[in-house]
Amino acid sequence: MKLNKVLFGMMFTASAVSALAVAQAPVIDVNANSIDSSALTEQLTTLSRKLDSRNKAQVNIQRQLDLLQNEVNELRGVTELHTHKLSQVLERQRELYKEIDRRVNEVLKSTSKTASVTTSPVATISTAGNATSYSNNLTENETYDHALNLVLKDKRYQQAIVEFRAFNKSFPNSSYAPNAHYWLGQLLFNQGELAQAEQEFLIVVNKHKDSTKRPDALLKLAMVAQKQNNAKKAISTYQQLIKEYPESTAAKLGKPRLASLTK
């Protein structure tokens with residue numbers, strides 16, 4: 001009987017120790033890792049969607065900027081054409097006034113020579129029609145107008161490239177040279193001929209520093225560098241544009257582009 005009590009006590013003690021061990025063992029949630037993994041996957045998916053949405057928004061903004069730039073270029077072209085035609089009319093008027101003034105002076109100086117008075121107007125007309133610089137300027141104007149109209153009116157861009165190259169070759173010192181080089185660069189840029197476009201814009205920037213086209217040429221040089229993945233050159237050119245022409249339209253267009261490169 002005593003032995004039975006001892007055995008019962010030992011069995012009770014073993015059961016108590018086993019129960020205590022079970023009570024103190026840590027509880028492991030088998031599903032915790034799977035829950036954390038699922039939440040992480042969902043977060044990554046959400047982040048990926050946000051990045052895709054942001055990228056699409058940036059692409060749309062870039063497209064809108066390019067469209068606005070093209071519209072601005074066309075409007076500038078129209079304004080330039082009207083300004084050019086107005087200056088052409090004014091130039092013709094000045095030539096007529098000079099011609100009238102010269103004839104009056106010749107008549108006053110040769111009152112005693114009737115024959116000379118009669119023949120001098122004919123000689124003057126012949127000279128004005130054949131040898132003056134005005135006749136050459138008229139040819140220059142017509143050539144430039146023709147090339148510009150191919151862009152603005154006819155939309156024949158490939159032919160316009162040929163015409164602007166011919167103009168620059170025939171009239172290298174023309175007052176329209178910076179505009180012609182700029183338009184040629186713009187046409188080449190639109191066709192993806194970045195290296196050739198860059199050369200035309202550089203001519204405007206380096207050789208025509210007083211031209212109103214210079215800030216636009218700087219903007220396009222920076223855009224060329226950006227398309228060529230030369231971020232350092234693009235940033236430097238945008239900064240030059242904004243520093244030299246802070247109030248220009250080109251600078252306003254360049255600021256957001258510069259900001260996108262320096263984030």
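Residues numbered from 1 in each chain as written. Predicted model: local features only at pLDDT ≥ 70, side-chain atom pairs only at ≥ 80, totals over all residues. Heavy atoms only, no water.

### Overview of the overall build of the protein
For the protein, the helix and strand inventory stands at 10 helices and 0 strands. Listing the helices and strands of the protein from first to last along the sequence gives α-α-α-α-α-α-α-α-α-α. When the 263 residues of the protein are sorted by exposure, 30% land in the buried category. Expressed as a percentage of contacts within the protein between residues at least 6 apart in sequence, the contacts between residues at least 24 apart total 54%. In the form shown here, the protein has an accessible surface area of approximately 17,800 Å², with 58% of it arising from carbon and sulfur atoms. (Helix = DSSP H or I, 4+ residues; strand = E, 2+ residues; numbered from the N terminus. Buried < 20%, exposed > 50% of the residue type's maximum accessible area, 1.4 Å probe, protein only. Contact = heavy atoms within 4.5 Å. Areas by Shrake-Rupley, 256 points an atom, 1.4 Å probe, with all protein chains shown as cover.)

### Concerning the pattern of salt bridges
Evaluated as defined, the whole model comprises 3 salt bridges. A salt bridge links Glu 198 to Lys 233, with the shortest nitrogen-to-oxygen separation between them at 2.6 Å. Taken together, the positions of Glu 198 in helix 7 (residues 194-207) and Lys 233 in helix 9 (residues 231-244) put the pair 35 residues apart, joining distant regions of the chain. Notably, a salt bridge pairs Glu 244 with Arg 214, separated by 2.6 Å at the nearest N-O pair. Here the residue Glu 244 occupies a position in helix 9, and Arg 214 occupies one in helix 8 (residues 214-227), the gap between them amounting to 30 residues. Given the relative accessible area of 7%, Arg 214 is considered buried. (Salt bridge = Lys/Arg side-chain N within 4 Å of Asp/Glu carboxyl O.)

### Overview of the side chain of Thr 237
With respect to the secondary-structure elements, Thr 237 resides in helix 9. Assessed through its relative accessible area of 10%, Thr 237 is described here as buried. If near-sequence neighbours (up to four positions away) are discounted, Thr 237 is found in contact with Leu 218, Leu 221 and Ala 222.

### Thoughts on the environment of Gln 240
Mapped onto the elements of the fold, Gln 240 is located in helix 9. Distance from Gln 240 to Leu 218, taken between C-alpha atoms, is 8.0 Å for residues 22 residues apart in sequence. Leave out the neighbours within four places in its chain, and Gln 240 touches Arg 214 and Leu 218.

### Comments concerning unusual backbone geometry
Although it is not a glycine, Lys 155 adopts a positive phi angle of roughly 60°. The exposure class assigned to Lys 155 is partly exposed, which follows from its relative accessible area of 39%.

### Quick word on the packing of aromatic side chains
All chains considered together, the criterion is met by 6 aromatic pairs. With a centroid separation of 6.3 Å and an interplanar angle of 80°, the aromatic rings of Tyr 182 and Trp 183 are classed as edge-to-face. The residues Tyr 182 and Trp 183 share a single accessibility class, namely buried. Positioned above the aromatic ring of Phe 189 is the side chain of Lys 220, whose terminal nitrogen or guanidinium carbon lies 5.8 Å from the ring centre. (Phe/Tyr/Trp six-rings, centres within 6.5 Å; stacked < 30°, edge-to-face > 60°. Lys NZ or Arg CZ within 6 Å of the ring centre and 35° of its normal.)

### A look at the confidence of the model for the protein
On average, residues of the protein score 76 in pLDDT, and 67% of them reach the 70 mark or higher. Counting interchain partners and residues more than four positions distant, the pLDDT-below-50 stretch residues 17-28 has 0 contacts. When the criterion is pLDDT under 50, residues 111-136 qualifies, and its contacts beyond four places in sequence or with other chains add up to 15 contacts. (pLDDT = per-residue confidence, 0-100.)

### A short note on the environment of Ser 175
The topology assignment puts Ser 175 in the loop between helix 5 (157-170) and helix 6 (177-190). Once the C-alpha coordinates of Ser 175 and His 208 are considered, the two residues, 33 residues apart in sequence, prove to be 9.9 Å apart.

### A word on the nonpolar core
The biggest cluster of nonpolar side chains holds 43 residues, and the ones touching the most others in it are Tyr 144, Phe 164 and Phe 201. If you list the elements that add at least two residues to this core, you get helix 4 (133-152), helix 5, helix 6, helix 7, helix 8, helix 9 and helix 10 (249-261). Ranked by the residues each element gives to this core, the list is headed by helix 8, at 8 residues. Beyond its immediate chain neighbours, meaning those up to four positions away, Phe 201 contacts Tyr 182, Gly 185, Gln 186, Phe 189, Ala 217, Lys 220, Leu 221 and Val 224. (Core = buried A, V, L, I, M, F, W, Y, C linked by side-chain atoms within 4.5 Å.)

### Here's the deal with helix 8
With 14 residues, helix 8 should reach 20 Å at 1.5 Å per residue; the first-to-last C-alpha distance of 20 Å fits that figure. Most of helix 8 sits inside the fold, with 12 of its 14 residues counted as buried. When we look at burial in helix 8, the residues that qualify are Arg 214, Pro 215, Asp 216, Ala 217, Leu 218, Leu 219, Lys 220, Leu 221, Ala 222, Met 223, Val 224 and Ala 225. Positive phi appears at Asn 229, one or two residues downstream of helix 8, with a value of about 60°. (Expected span 1.5 Å × (residues − 1).)

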